[in-house]
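So you can see what is in the structure, the chains are spelled out below.
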Amino acid sequence: MRTNRKAAGRTAAALLTACALALVAGCSGSGGKDSEDKADDGGGGGTAAKIPRMKIAMVTHSGEGDTFWDIVQSGAKVAAAKDNVQFLYAANKEGKEQAQLIQSYIDQDVDGLVVSLAKPEAVKAVLAKATAAGIPVVTINSGAEFSEPFGALGHIGQDEAIAGEAVGEELNKRGKKKALCVIHEQGNVSLEERCAGVKKTFEGTVENLSVEGTNMPASTSSIEAKLQSGKATDEFDAVVTLGAPFAAASVKAKEGAGSSAEINTFDLNEDVVKQLKAKEIGFAVDQQPYLQGYLAVDELWLNKNNGNVIGGGKPVLTGPALVTEKDVPALEKFTARGTR
């Protein structure tokens, strides 16, 4: 597994922070209910912190069937069990509906909010209401540049531009000349940043293709048609998908189009690791979603109980790291249990 050099120091810092947080929580002292709340089988372990119970809600832009957010929730739930937190979750891919979900949790007087900023302008006003009500906010995954202006304590995720640049550099090393970058959600600032990053460092040409991410058969057909049309002129020799479920769709589309393009993807799950092992995918970009959920809950817990702000308010990076078939033996057991 290779971590991009620009992010390596900050990624390492995030991992060290996670270890330190686990130790701090294990030393919690008084109050709250006993430690009968056990962490579920998510790799975190431990018992609930003996402190007054908190209520933390997470609202994301996940579409139906997006396994990435299952992994984020796994990390959040383990941290919640350890910290004696009631964890609530809701998602909607549309910005307006996401804002309504955030408002519903403000009305429930939660102790903290974790929010993804894929469509930042849609949630800007409601996040201002949260901070005005004294509810601390941590942003994750997307929209890092909007986190501080929107009043959040901090942001946890990968720098999407750096991640895209790392992909472009890897494509150069692999001798690729023409890449198709598949955007599965229009208006998502993070996905646009990824493709822009690829274009910045890739010495070949990049074409973007927008697909209907919530309709996998339609997405597969769109990718297949694009690969087929490219054969008539300058054939694509690489496909970059921006989410793990779309890697499988691209593998299927490649077969249907009779293309020889190498499939590569952002994000990691059990299926992607299997595809790497089978050499159906060249490489994947791991941003450690489990860590995003875990650290977000822990940051809100630490802020309430000890006044801490992870990273001094600056973004805490959880990626990117490039994963190939060589990393499969080390990752299989983690992806099988849904934590990587």
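For the structure itself, consult the block above.
Owing to the predicted nature of the structure, the values given are computational and were not obtained by experimental measurement. (Residues numbered from 1 in each chain as written. Predicted model: local features only at pLDDT ≥ 70, side-chain atom pairs only at ≥ 80, totals over all residues. Heavy atoms only, no water.)

### Looking at the overall build of the protein chain
No. 1: When you go through the protein chain residue by residue, the secondary structure sums to 12 helices and 13 strands.
No. 2: Evaluated residue by residue, the protein chain yields a buried proportion of 53% over its 340 residues.
No. 3: In the protein chain, of all internal contacts separated by at least 6 residues, the share reaching a separation of at least 24 is 73%.
No. 4: Of the roughly 13,800 Å² of accessible surface on the protein chain, a fraction of 50% belongs to carbon and sulfur atoms. (Helix = DSSP H or I, 4+ residues; strand = E, 2+ residues; numbered from the N terminus. Buried < 20%, exposed > 50% of the residue type's maximum accessible area, 1.4 Å probe, protein only. Contact = heavy atoms within 4.5 Å. Areas by Shrake-Rupley, 256 points an atom, 1.4 Å probe, with all protein chains shown as cover.)

### Structural notes on the packing of aromatic side chains
No. 1: Applying the stated criterion to the full structure yields three aromatic pairs.
No. 2: Relative to Phe-150, the ring of Phe-146 lies with its centre 5.8 Å away and its plane at 45°, an arrangement referred to as tilted.
No. 3: A relative accessible area of 22% means that Phe-146 is categorised as partly exposed.
No. 4: For Phe-150, a relative accessible area of 10% translates into the label buried.
No. 5: Its end group placed over the ring of Phe-236, Lys-178 keeps NZ or CZ at 4.5 Å from the ring centre. (Phe/Tyr/Trp six-rings, centres within 6.5 Å; stacked < 30°, edge-to-face > 60°. Lys NZ or Arg CZ within 6 Å of the ring centre and 35° of its normal.)

### Remarks on the packing of helix α3 (residues 95-107) against helix α4 (residues 120-132)
Packed helices, taken two at a time, are described by their axes: the angle between them and the distance between them.
No. 1: At a minimum axis distance of 8 Å, the contact between α3 and α4 shows a crossing angle of 10°. In terms of orientation, α3 lies roughly parallel with respect to α4. In this structure, α3 contributes Gly-95, Lys-96, Gln-98, Ala-99, Ile-102, Gln-103 and Ile-106 to the contact, and α4 contributes Ala-122, Val-123, Val-126, Leu-127, Lys-129 and Ala-130.
No. 2: When its residues are assigned to classes, the contact of α3 with α4 shows eight nonpolar, three polar and two charged. (Axes fitted to C-alpha atoms, helices over the stretch in contact; angles between N-to-C directions. Parallel < 35°, antiparallel > 145°, perpendicular 65-115°, else oblique. Nonpolar A, V, L, I, M, F, W, Y, C, P; charged D, E, K, R; others polar.)

### Considering the layout of surface pockets
No. 1: Looking at the largest pocket, its volume works out to about 550 Å³.
No. 2: Lining the largest pocket are 35 residues, with Gly-63, Asp-66, His-184, Glu-185 and Phe-246 sitting closest to its centre.
No. 3: Among the elements of the structure, α2 (68-83), α7 (189-201) and α9 (245-257) are those that each provide at least two residues to the lining of the largest pocket.
No. 4: A per-element tally of the lining of the largest pocket places α7 first, with three residues.
No. 5: A breakdown of the residues in the lining of the largest pocket according to their chemical character gives 10 nonpolar, 15 polar and 10 charged. (1 Å grid on protein atoms, 1.4 Å probe; cavity = no way out; pocket = protein on both sides within 12 Å on 5 of 7 lines; lining within 4 Å. Points joined across faces, edges and corners; volume = space filled by probe spheres on them.)

### Focus on the environment of Asp-234
No. 1: Residue position: Asp-234 is located in the loop between α8 (216-230) and β9 (238-241).
No. 2: Once the C-alpha coordinates of Asp-234 and Lys-178 are considered, the two residues, 56 residues apart in sequence, prove to be 7.9 Å apart.

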